[in-house]
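Chain by chain, the residues run as shown.
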Amino acid sequence: MTPDGDPVLAARLAVPAVPGTFVRRDRLVEQLAEGAHGPLTLVNGPAGAGKTLLVADWITAYEPGAVAWLTVEPQDSAPGVFWSYVLHAFRHHGVALPDDIGSPARPGEVDHSLLARLAAWLNARDSRVTLVLDEFDRVAGAAAVADELHFVLRHAGDGLRLVIISRTEPLLPLYRYRAAGELVDIRADDLAFRAEETSALVDRHGLPLSAEAARVLTERTEGWAAGLRLCTLAAQRAADPESFLKDFEAGHSTVADFLLGEVLRAHPAQTQDLLLRTSILEETHPDLANALTGRDDAEPILEELQRANAFVEPIGHSWYRLHPLFAEILRVHLRVRHPGLEPELHRTAAEWLSRAGLLDEALPHAADAGDWELAAAELIDHLAIGRLLTGLAAERLDGLFARMAPEASGPAPDLVRAARELARHDVDRGVTYLRRAEENLPGGGTDDAAAARLSCAVLRVLAARVAGSADLAETAARDAAEAERALPADQVERHPELTARMLTDLGSAQLWAGRFDAAGATLSAAVDAAQGRSTAFARHEALGRLALIDFLHGRPGRAEAHARGAIAEAEQSGLPVSERTGMAQLVLAAVAIDRDDLTPAQGHLDQAAATSAASRDPVVAVELAILRSRMLVARGDPRAALLALDDMAKQPLVFAEPSPWVSDRIAMATAAAHLADGDPKAAVKVFEEQRSHSPESLAAEARARVAAGDRERALGILDELPEPQDRGPVIEVWVLLTRAQAVDALGDAAAAESLVLRALTAARPHHLRRPFLEAGPWLRRLMLHRPSLAREHAWLTSTLSPQPAASRQRDESVGPSPEPLSTRERDVLERLAQLMSTEEIAADLHLSVNTVKTHLKSIYRKLSATRRGEAVRRARELGLL
């Protein structure tokens, strides 16, 4: 009997049975075993965390000496009742107590001398007794019981080990035990199942589960043992257990019944109300919880929930989070208990979070409230439209506003719609929304009105960029600057991504128009915008554009530096390869082609092609096609290069205004392919149909005319070019070589040699081999006759000189060896590879044109080729060149 006259309940003294599906986890067993060396072990976690079964299994499986088990009940808060049960537990489990210890006489108190006798007896024992107090949280508020336990434990010496299983922390001075290294603390995080342990648990229930499904289930339940077991039991009745476990409807499951019964309904009404209302949040703050409940008691309630391990945990700076599965179930219960309340709660949360400056957290709640005017207005008022266009949050925000209801009206929703359309390069739809927003802009001199005007202007710059209009972009940029001055400086400074994005768009529009100086200044300003992750993409894009400008100016060194800076910016900010602009890789490929480093060039092209910009950014798409054609020419297949350029021409550009330098680049690539194919007249025709603009394009036209025999016209074009100091080394090398070819053809060999020497000097610092390889046979002949020209240029001569076939590695994939070529056929083939026409080969070898044609037919037959580009490529594969 207990002091209050009730019979002793033997069930409270029994060690709970461990089910056959229990999963023993060695890491936890080791912690319990470690606790055997100290006086106190605390197993602390929420309901259903597996605390009781963990200790029960350890006792059953490992038999750690004498053990007394007591499952605590609320009436044990009375010390007399509690200690009476403790003594019964000792005796029930075979620990024979001396008669002189006695037993409590009254329920509400225990004689201190009894506790002293008990402690002394335990201290005198040769072996230790382990006392397990399960569900100790039921007497957690009983300070007297805690003090008495502490007294006995401290005076029992090595004779007593106490194991407390509780949802809350006991009132014992745990800090003392912890400081002395006498406490083994097993918490909720320790008790949580890991994915592999989840697999083992589900397997014990006869359900096979993939590793991925185990991971998903573990993440969703956060390893909560009861949740896992209840889900598994329910899955046994499902037609597809794995699908059920991955996607089960938590709000209508046995898990929900458990949590609502064991956790929610165990709290007073105010606490339940707070849990239900804050379940709409991923994280909550006491002030935010007060706003949702309309009360002012959130802070003590949240602290108590944390202490009670009621699936609420602190995450720092006064913020808390609910267990996600618990929150999911609470939200379902919220809809049942308070139909229609959820949107109002989301709206309140959005307003509170926005006032707190937490825009990222506020917007989803405004969306969940269905208040798209509020969501869009918050984005515009906070000057965050730039984050929808650039940066790591862009995809998330785009996905959020993709849900925006079509009936949402007003300038803010229309600005958001315009931004999303323009980001997809849909100028027509974007400008339509933008124009409608501008027609309804708020008046007055408020910050909100200025923010809307600034957002409009920034989107206008973007629209102008997509439309290819530098004039419109520059006008819109001036409007943006004016709107910016109407706003507090610190508000603008908090959103550097807006300025960086606007400058990048403006610079890109200026670049498209060929205003390279203005574009360079604008893009440099974009690069100099505030550093940080929000501006990383803008800096990456601006640096890539600057690299392109340097390349177009013929300055490979500076182009490389800017390109590598763009790549470094992307890598440092963690920008995925697919999300990069690809421009930096294109520039590196272009420089590598100029150096005849074709293998790395191909690698750069492949990387550029893997970016999303390759399909949506016309500049990248055009440049990629041009460089691919240059690669084909360099590899001896000009016909394929022409086909690639034709394919590109069939895809119309969406720009309203043509770009002069882009047209130049296409014309240059086409003419170069015609020259490589031995058709200089076709190359000249390209420039007759497409007027040249840039110095590089004029040099290319001059080169075509020289090849076609129009040397005087070619020299006239070269004479009209800007002074040498105004053009980069690549352009200078092409100009010098073209002029040299022209004067050589006119019989001035001395002038030609001088020009070639200057070209070599200009090309050497950058190893520009490709201009010499494509210059034509006259250059090889000149350098053969004047070897002193190349004496100091080993970097080039090894490229110009055909290597002995024996020194090259044969590619086994090219097939059987062909019929050997005659000496004369080799002479013809070598000149064929130097892009000489049939007439030039005949003149160079002092043969008739018909004889050369005969040799060509024989070469084609022996190499199984049908045209000269194919023959050259086949000869290179076989090591004949």
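The present account deals with the structure reproduced in this document. (Residues numbered from 1 in each chain as written. Predicted model: local features only at pLDDT ≥ 70, side-chain atom pairs only at ≥ 80, totals over all residues. Heavy atoms only, no water.)

## Looking at the sheet that holds strand β5 (residues 183-186)
Logical step 1: Spatially, β2-β3-β4-β1-β5 is the arrangement adopted by the 5 strands of the open sheet, whose pairing is parallel. In this open sheet, the two strands that pair with only one neighbour each are β2 (66-71) and β5. Neighbour-to-neighbour, the strand axes of the sheet open up by a mean angle of 15 degrees, direction not taken into account.
Logical step 2: As defined by bridge partners, strand β1 (residues 40-44) adjoins strand β4 (residues 160-166) across 5 bridges and the pair is classed as parallel. Following the sheet pairing, Leu 40 is matched in β4 by Leu 162.
Logical step 3: The sheet strands contacting helix α2 (residues 51-62) are β1, β2, β3 (129-134) and β4, and the helix crosses β4 at an angle near 150 degrees. (Pairing = 2+ DSSP bridges. Helix = DSSP H or I, 4+ residues; strand = E, 2+ residues; numbered from the N terminus. Axes fitted to C-alpha atoms, helices over the stretch in contact; angles between N-to-C directions. Contact = heavy atoms within 4.5 Å.)

## Structural notes on the pattern of salt bridges
Logical step 1: Per the counting criterion, the structure on display carries 57 salt bridges.
Logical step 2: The closest approach of N and O atoms between Arg 128 and Asp 158, which form a salt bridge, is 3.7 Å. Taken as a pair, Arg 128 in the loop between α4 (112-124) and β3 and Asp 158 in the loop between α5 (143-155) and β4 lie far apart in primary sequence, 30 residues in all.
Logical step 3: Residue Asp 158 is classed as exposed on the basis of its relative accessible area of 60%.
Logical step 4: Between Arg 758 and Glu 732 there is a salt bridge whose closest N-O contact spans 4.0 Å. With Arg 758 in helix α41 (residues 749-763) and Glu 732 in helix α40 (residues 729-745), the pair connects residues that are 26 residues apart, well separated along the chain.
Logical step 5: Its relative accessible area of 10% is what places Glu 732 among the buried residues.
Logical step 6: Connected through shared salt-bridge partners, Arg 465, Arg 501, Asp 505, Glu 541, Arg 545 and Asp 617 make up one network. (Salt bridge = Lys/Arg side-chain N within 4 Å of Asp/Glu carboxyl O. Buried < 20%, exposed > 50% of the residue type's maximum accessible area, 1.4 Å probe, protein only.)

## Topic: the side chain of Asp 677
Logical step 1: Relative to the helices and strands, Asp 677 is located in the loop between α36 (660-676) and α37 (680-689).
Logical step 2: In this structure Asp 677 comes out as buried when scored by relative accessible area, which is 12%.
Logical step 3: Within polar-contact distance, the side chain of Asp 677 engages the side chain of Arg 639 at 2.5 Å.
Logical step 4: Not counting residues within four places of it along the chain, the set of residues in contact with Asp 677 comprises Pro 638, Arg 639 and Arg 868. (Polar contact = N/O pair within 3.5 Å; in protein donor to acceptor, adjacent residues only side chain to side chain.)

## Re the pairing of β4
Logical step 1: For β4, a buried count of 7 out of 7 residues is recorded, marking the element as mostly surrounded by other parts of the structure.
Logical step 2: Neither face of β4 is left uncovered, since the one carrying Leu 160, Leu 162, Ile 164 and Ser 166 and the one carrying Arg 161, Val 163 and Ile 165 both have all their residues buried.
Logical step 3: The pairing of β3 with β4 spans 5 bridges and is classified as parallel. Note on β4: the bridge partner recorded for Thr 130 is Arg 161.
Logical step 4: Handedness of the crossover joining β3 and β4 through α5: right-handed. (Right-handed = clockwise from strand over helix to strand, strands pointing away.)

## Quick notes on the packing of helix α3 (residues 79-92) against α4
Logical step 1: Contact geometry for α3 and α4: axes closest at 12 Å, N-to-C directions at 25 degrees. Taken together, α3 and α4 sit at an angle that is classed as roughly parallel. In the packing of α3 onto α4, the handedness of the crossing is left-handed. Residue-level contacts link Trp 83, Leu 87 and Phe 90 of α3 to Leu 114, Leu 115 and Leu 118 of α4.
Logical step 2: Grouping the constituent residues of the contact of α3 with α4 by class yields 6 nonpolar, no polar and no charged. (Parallel < 35°, antiparallel > 145°, perpendicular 65-115°, else oblique. Left-handed = near helix turned anticlockwise from the far one by under 90°. Nonpolar A, V, L, I, M, F, W, Y, C, P; charged D, E, K, R; others polar.)

## Structural notes on unusual backbone geometry
Logical step 1: Here His 767, not a glycine, exhibits a phi torsion of approximately 55 degrees, which is positive.
Logical step 2: Inspection of the secondary structure assignment puts His 767 in the loop between α41 and α42 (770-773).
Logical step 3: For His 767, a relative accessible area of 34% gives the class partly exposed.
Logical step 4: Phi at Ser 864 is positive, roughly 55 degrees, even though this residue is not glycine.
Logical step 5: Within the secondary structure, Ser 864 is located in the loop between α47 (849-863) and α48 (868-877).

## Here's the deal with the environment of Arg 161
Logical step 1: Inspection of the secondary structure puts Arg 161 in strand β4.
Logical step 2: The sequence separation of Arg 161 and Pro 39 amounts to 122 residues, and the corresponding C-alpha distance is 4.5 Å.
Logical step 3: Excluding residues that lie within four positions of it along the chain, Arg 161 makes contacts with Leu 32, Gly 35, Ala 36, Gly 38, Pro 39, Thr 41, Trp 58, Arg 128, Val 129, Thr 130 and Leu 131.
Logical step 4: For Arg 161, the side chain forms a polar contact with the main-chain oxygen of Leu 32, separated by 3.0 Å.

## Describing the environment of Asp 744
Logical step 1: You can see Asp 744 is positioned in helix α40.
Logical step 2: Judged by relative accessible area, which is 21%, Asp 744 ranks as partly exposed.
Logical step 3: Each C-alpha atom of the pair Asp 744 and Arg 711 lies 9.7 Å from the other, and the pair is 33 residues apart in sequence.
Logical step 4: Among all residues touching Asp 744, those that are not within four sequence positions of it are Ala 749, Ala 752, Trp 778 and Arg 781.

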